[in-house]
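Chain by chain, the residues run as shown.
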Amino acid sequence: MNMENDKKFALLIDADNISPKYIDIILTETVNYGIASIRRIYGDWTNNAKRSWKECLLLNSLTPVQQFSNTTGKNASDSAMIIDAMDILYSNHVDGFVIASSDSDFTALARRLKEDGKMVIGMGESKTPMPFIKVCDQFKTLDVLFESKSNEDKNKGENEDTSEKKSGNGTTAKKGGTKSAAKTAAEKSSDAQPITSLATIRKAVMEIIDEQTEEGDFLQMSKLSTSLQKRYPDFDYRVYKFSKFSQMLKSFSDIELTMRGTEWVVGKKGAETVPADIQRTVLEMVGEKTKNGEWMAVGSLLNGIRQKYPKFDYHNYGFSHFHKMLKSFPGLEFQQKNSQVRKKQS
């Protein structure tokens, strides 16, 4: 068993800000990190609006904490959650906290918990203020995950309807009403959008590969995932309608995914190779200018290439810098400090 599953978490839910329809997602996501050894939910349970939570409390062993709403328009549950969280922190019985709320009032709490080395998982809707999202180690966007799950269930139901219709068992008409209701519910929740766009994630993937690899090399997919999560705590491939991280990466046309040994690695897809005539011209120019052992400025070489090939652009060949393209050619050596190149001395 993975040791990650042995970690203990305190699950604290703000019932004033979280709908009971998210409880399955909250508990499932928590189990991915460890055991919810403490499960508490905060709200004014004398309020009729909280009745929908009562069945959830019994089924999921949630301990309700009563907090009367003494002031109109003020969320009284926040202070109770914060006090309890600090008590739990000082007892040192857990490895981390799961805070389920779309309220930015918990930003300072999450920061304080992290200062003591505790992992903090935030969960809330896509409307959650960015400061709270950013301070968490990871953040789960509940409404987007809920919509994605609802769509999966709807598609599964439609497939079952189709099968029944083909078999002619007479139950199709009854199922049709359920299907229509599911469709209506999905349409109502279609406003839920990922907090960080897929275009932003794709750009970050390219940047991480550039930063952590040499030109043309590959990066372990697990390291890429970790780096993405550090940049964007709300990152979760499922909110972009992908069932696997690798599936998301494969959807990027300029990303190459391959297996090395027993693990997946990721790299930039090789653009068109540098034409032989350009490579030959580079070697000839460098050879002529440095035949007596002198050095040639990389900038001067680039200008010379562009004079002969006005449309030349090293980016078209998958390189972020001209000197990185030169390093892919045999027979050249470099003086990195002064950005100079010459023919290798025998």
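Residues numbered from 1 in each chain as written. Predicted model: local features only at pLDDT ≥ 70, side-chain atom pairs only at ≥ 80, totals over all residues. Heavy atoms only, no water.

### Some words on the overall build of the protein
When you go through the protein residue by residue, the secondary structure sums to 13 helices and 12 strands. Across the 346 residues of the protein, 41% fall into the buried class. Within the protein, contacts between residues at least 6 apart in sequence are counted, and of these 61% link residues at least 24 apart. As displayed, the protein offers around 19100 Å² of accessible surface, 48% of which is attributable to carbon and sulfur atoms. (Helix = DSSP H or I, 4+ residues; strand = E, 2+ residues; numbered from the N terminus. Buried < 20%, exposed > 50% of the residue type's maximum accessible area, 1.4 Å probe, protein only. Contact = heavy atoms within 4.5 Å. Areas by Shrake-Rupley, 256 points an atom, 1.4 Å probe, with all protein chains shown as cover.)

### Some words on the environment of Asn-47
Tracing the chain through its elements places Asn-47 in the loop between β2 (35–43) and α2 (54–59). Accessibility expressed as a relative area gives 35% for Asn-47, which makes it partly exposed. Sequence separation between Asn-47 and Phe-68 is 21 residues; the distance between their C-alpha atoms is 8.9 Å.

### Section: helix α8 (residues 198–212)
The end-to-end C-alpha distance of α8 is 21 Å, a good match for the 21 Å that 15 residues give at a rise of 1.5 Å each. Inspection of α8 places Ile-201, Ala-204, Val-205, Met-206, Ile-208 and Ile-209 among the buried residues, and these make up the whole buried set. Those residues of α8 that are buried lie in contact with β7 (219–220), α9 (221–231), α10 (245–250), β8 (255–260) and β9 (263–268). (Expected span 1.5 Å × (residues − 1).)

### Some points on the nonpolar core
Counting 49 residues, the largest nonpolar core has Ile-13, Ile-26, Trp-53, Val-205, Met-248 and Leu-249 as its most contacted members. Looking at which element gives the most residues to this core, the answer is α8, with six residues. Discounting residues that sit within four places of it in the chain, Val-205 has contacts with Leu-224, Leu-228, Leu-249, Phe-252 and Ile-255. Residues Ile-38, Val-94, Ile-99 and Phe-106 belong to the second largest nonpolar core, which totals 23 residues. (Core = buried A, V, L, I, M, F, W, Y, C linked by side-chain atoms within 4.5 Å.)

### So, the sheet that holds strand β12 (residues 340–343)
Picture the strands of a sheet paired through backbone hydrogen bonds; they go either parallel or antiparallel. Pairing within the open sheet is antiparallel, and its three strands lie in the order β10-β12-β11. Since the sheet does not close on itself, it has two edges, and those belong to β10 (296–297) and β11 (332–335), each with one partner. Across four bridges, β11 lies against β12 in antiparallel orientation. Of the residues in β12, the one forming a bridge with Glu-333 is Arg-342. Sitting on the sheet, helix α11 (residues 276–289) is in contact with β10, β11 and β12, with an inclination near 90° to β12. (Pairing = 2+ DSSP bridges. Axes fitted to C-alpha atoms, helices over the stretch in contact; angles between N-to-C directions.)

### Quick word on the sheet that holds β7
On the basis of which strands lie adjacent, the open sheet formed by three strands has the order β7-β9-β8 and antiparallel pairing. This sheet does not close on itself; its edge strands, each paired only once, are β7 and β8. The strands touched by α8 are β7, β8 and β9; relative to β9, the strand with the most contacts, the crossing angle is about 95°.

### Thoughts on the pattern of salt bridges
Inspection of every chain in the model, using the stated rule, returns 15 salt bridges. When the shortest N-O distance is used, the salt bridge between Lys-140 and Asp-236 registers 3.4 Å. Note that Lys-140 is positioned in strand β6 (residues 138–141) and Asp-236 in the loop between α9 and α10, a separation of 96 residues in sequence. Taking relative accessible area as the criterion, Lys-140 reaches 6% and is therefore assigned buried. With a relative accessible area of 5%, Asp-236 lands in the buried category. Glu-211 is the partner of Arg-231 in a salt bridge, and the nearest nitrogen-oxygen pair spans 2.8 Å. A residue pair is termed long-range when its members are at least 10 positions apart, and Arg-231 in helix α9 and Glu-211 in helix α8 qualify at 20 residues. Judged by its relative accessible area of 28%, Arg-231 falls in the partly exposed class. Taken together, the shared-partner salt bridges in this structure form one network comprising Glu-29, Lys-140, Asp-236 and Arg-238. (Salt bridge = Lys/Arg side-chain N within 4 Å of Asp/Glu carboxyl O.)

### Remarks on α11
An ideal rise of 1.5 Å per residue puts 20 Å on 14 residues; α11 measures up with 20 Å between its terminal C-alpha atoms. Listed as buried for α11 are Ile-278, Thr-281, Val-282, Val-286 and Gly-287. Those residues of α11 hidden inside the fold are in contact with β10, α12 (298–308), α13 (322–327), β11 and β12.

### Describing the packing of aromatic side chains
By the definition in use, this model includes seven aromatic pairs. When the ring of Phe-132 is compared with that of Phe-139, the centres are 6.1 Å apart and the planes differ by 85°; the resulting orientation is edge-to-face. Centre to centre, the rings of Tyr-314 and Phe-322 are 6.1 Å apart; their planes meet at 40°, and the pair counts as tilted. Looking at Tyr-314, the relative accessible area reads 13%, which means it is buried. Judged by relative accessible area, which is 5%, Phe-322 ranks as buried. (Phe/Tyr/Trp six-rings, centres within 6.5 Å; stacked < 30°, edge-to-face > 60°.)

### Description of the packing of α11 against α12
Relative orientation of the contacting elements α11 and α12 amounts to 130°, with a least axis distance of 11 Å. When the interaxial angle is binned, α11 and α12 end up oblique. Crossing handedness for the pair α11 and α12: right-handed. Contacts between α11 and α12 involve Thr-281, Val-282, Met-285 and Val-286 from the first element and Leu-301, Gly-304, Ile-305 and Lys-308 from the second. Split by residue class, the contact of α11 with α12 holds five nonpolar, two polar and one charged. (Parallel < 35°, antiparallel > 145°, perpendicular 65-115°, else oblique. Left-handed = near helix turned anticlockwise from the far one by under 90°. Nonpolar A, V, L, I, M, F, W, Y, C, P; charged D, E, K, R; others polar.)

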